[in-house]
Amino acid sequence: MTDTSAPQLPDTAIPTLADIEAARATIAGVARVTPMESSQYLAEVLGSPVHLKCENLQRTGAYKVRGAYNRLAALTPEQRAKGVVAASAGNHAQGVALAARELGIPATIFTPVGVALPKLQATRHYGADVVLRGHSVEEALSAAKDFAARTGAVFIPPFDHPAVIAGQGTLGLEIMDEVPEVDTVVVPIGGGGVIAGIALAVKGTAERLGRRVRVIGVQAANAAAYPTSIEAGEPVTIQTTPTIADGIAVARPGDLNFPIIRDHVDEIVTVTDDDVARALLVLLERAKLVVEPAGAVGVAAIISGVVRDTGRTVVLLSGGNIDPLMMERVITRGLVAASRYIGIRIMLPDRPGQLARVSQVISDAGANVVEVLHTRHGQGLVINEVALDLSIEARGPEHAQEVIGRLQEAGFRPELLER
């Protein structure tokens with residue numbers, strides 16, 4: 001058991017660079033100093049060197065253990081004896097569970113009933129008492145706060161606390177150590193804990209060195225609370241819609257995080273789910289890295305072009321906890337977004353040999369048919385006509401267009417299907 005104590009920070013205090021440096025000493029030996037990898041492919045896309053801060057290789061598979069441990073280490077003996085409680089469907093749960101185990105503190109984690117099995121098993125493996133409650137994080141959060149009020153357990157917020165922000169900010173210190181010539185840091189934003197800490201650490205360290213570093217935040221387009229809040233001048237609750245980047249799908253900025261991000265983050269951009277799926281595919285194929293959707297939004301921002309060339313760039317890969325079933329779906333979506341998996345429909349006369357003709361054209365074009373639906377039934381079909389729906393593997397947009405062109409030259413009228 002590790003028993004490193006840390007100073008208490010007032011709940012409304014904005015952490016200083018000294019607080020973040022103290023947090024680094026507190027979490028040393030618990031959180032790893034994760035690798036910094038370079039990416040030639042992303043450098044070619046952006047036009048400047050790109051480095052990947054691989055927090056997907058952190059203990060528990062995400063950065064959350066940094067802030068959780070720094071917060072728990074500051075608890076008094078009396079608070080530790082009463083235990084801690086948190087609510088999460090993923091990375092925060094595992095971070096709190098591991099931190100509590102290392103410090104010998106009882107931990108209770110409330111999580112929605114539909115939580116992914118790998119995350120549920122991992123949280124229990126770290127020794128926490130996991131309670132399934134409700135069907136959303138909001139319901140689990142309400143139950144956790146009720147539990148805290150009833151038992152005296154200390155509620156551990158996922159992002160909106162100075163000790164949590166300072167713990168996450170240790171990433172910024174590592175970035176400046178590993179890539180001291182960095183010009184731009186790109187960070188995912190959910191509630192804002194990690195980018196608030198990184199911005200304070202990076203900007204503060206750069207100021208000491210007499211230079212300037214840009215910090216860019218990235219949100220999922222379907223859950224982008226910060227642009228609206230920045231425009232309004234205060235935290236605003238938005239209506240989110242489903243996104244594969246569920247780890248950053250937060251409807252309202254943290255009250256403490258918001259002014260830090262407003263004052264220290266240079267730009268906030270958004271990316272679509274298709275952008276994120278393509279980024280995951282790039283990370284798998286080019287970097288050999290498994291990253292969860294929320295952790296890949298910085299790479300998505302480079303691929304989609306919303307982050308422009310502003311010099312040597314570090315992108316935070318904030319986590320790697322992705323369910324294998326979700327990975328399968330996301331990879332397929334990424335292949336579709338990259339035009340490497342396309343669907344086409346061809347109307348054919350209902351006579352022998354037509355399917356063979358189509359297959360031969362596709363084969364001659366160097367593509368592969370992976371799925372076929374051949375039917376006489378459906379709206380829009382006339383007598384003696386059939387619909388042929390094909391799923392085809394291609395090598396990218398140019399090859400997909402070549403396949404369609406070859407079919408047109410052969411007298412067919414292929415129609416692209418939405419995926």
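Structural data are supplied above this passage.
Residues numbered from 1 in each chain as written. Predicted model: local features only at pLDDT ≥ 70, side-chain atom pairs only at ≥ 80, totals over all residues. Heavy atoms only, no water.

## Notes on the sheet that holds strand S14 (residues 415-417)
Here is step 1: Taken together, the four strands give an open sheet; going across it, the order is S12-S13-S11-S14, and neighbouring strands pair in antiparallel fashion. Of all the strands in the sheet, the pair left with one neighbour each is strand S12 (368-375) and S14. With strand direction ignored, the average angle separating the axes of adjacent strands in the sheet is 30°.
Here is step 2: Sheet topology note: the strand S11 (residues 341-349)/strand S13 (residues 385-393) ladder contains nine bridges and is antiparallel. Within the sheet, the bridge partner assigned to Pro-349 lies in S13 and is Glu-385. (Pairing = 2+ DSSP bridges. Helix = DSSP H or I, 4+ residues; strand = E, 2+ residues; numbered from the N terminus. Axes fitted to C-alpha atoms, helices over the stretch in contact; angles between N-to-C directions.)

## Describing unusual backbone geometry
Here is step 1: The phi angle at Thr-60 is positive, at roughly 70°, despite the residue not being glycine.
Here is step 2: Non-glycine residue Lys-288 carries a positive phi angle of around 60°.
Here is step 3: Locating Lys-288 in the fold gives a position in the loop between helix H12 (273-287) and helix H13 (297-304).
Here is step 4: A relative accessible area of 64% means that Lys-288 is categorised as exposed. (Buried < 20%, exposed > 50% of the residue type's maximum accessible area, 1.4 Å probe, protein only.)

## Re the packing of aromatic side chains
Here is step 1: Per the stated rule, a full pass over the model turns up two aromatic pairs.
Here is step 2: Taking the centre distance of 6.5 Å and the plane angle of 20° together, the rings of Tyr-226 and Phe-258 count as stacked. With Tyr-226 in helix H10 (residues 225-232) and Phe-258 in helix H11 (residues 257-264), this residue pair connects regions lying 32 residues apart in the sequence. The exposure classification of Tyr-226 matches that of Phe-258, with both residues buried. (Phe/Tyr/Trp six-rings, centres within 6.5 Å; stacked < 30°, edge-to-face > 60°.)

## Looking at the packing of helix H3 (residues 64-73) against helix H5 (residues 91-103)
Here is step 1: Between H3 and H5, the least distance of the axes is 8 Å, while the angle of their chain directions is 45°. Compared by their axis directions, H3 and H5 come out oblique. Taken as a pair, H3 and H5 cross one another with a handedness that is right-handed. Within the contact between the two elements, H3 uses Lys-64, Val-65, Ala-68, Tyr-69, Leu-72 and Ala-73 and H5 uses Asn-91, His-92, Gly-95, Val-96, Leu-98, Ala-99, Ala-100, Glu-102 and Leu-103.
Here is step 2: Residue classes in the contact of H3 with H5 are distributed as ten nonpolar, three polar and two charged. (Parallel < 35°, antiparallel > 145°, perpendicular 65-115°, else oblique. Left-handed = near helix turned anticlockwise from the far one by under 90°. Contact = heavy atoms within 4.5 Å. Nonpolar A, V, L, I, M, F, W, Y, C, P; charged D, E, K, R; others polar.)

## Focus on the pairing of S11
Strand residues, when the strand is regular, have side chains that alternate between the two faces of the sheet.
Here is step 1: Where S11 and S14 come together, three bridges link them in antiparallel fashion. Residue Gly-343 lies in a different strand from S14, and its bridge partner there is Leu-417.

## A closer look at the sheet that holds strand S1 (residues 36-38)
Here is step 1: Strand order in the open sheet made by the six strands is S1-S2-S10-S7-S8-S9, with mixed pairing throughout. Since the sheet does not close on itself, it has two edges, and those belong to S1 and strand S9 (267-271), each with one partner. Across the sheet, the mean angle separating the axes of adjacent strands is 25° when strand polarity is ignored.
Here is step 2: Summarising the sheet, strand S8 (residues 214-220) and S9 pair through five bridges and their orientation is parallel. Residue pairing across strands places Gln-219 opposite Thr-270, the latter belonging to S9.
Here is step 3: On top of the sheet, helix H8 (residues 162-178) reaches S1, strand S2 (50-54), strand S7 (184-188) and strand S10 (313-317); it is set at about 140° to S2, its chief contact.
Here is step 4: Its contacts with the sheet place H10 against S8 and S9, and it is angled at close to 145° to S9.

## A look at the environment of Glu-181
Here is step 1: Relative to the helices and strands, Glu-181 is located in the loop between H8 and S7.
Here is step 2: Among the residues examined, Glu-181 registers a relative accessible area of 38% and is labelled partly exposed.
Here is step 3: Not counting chain neighbours up to four residues away, the residues in contact with Glu-181 comprise Arg-211 and Arg-312.

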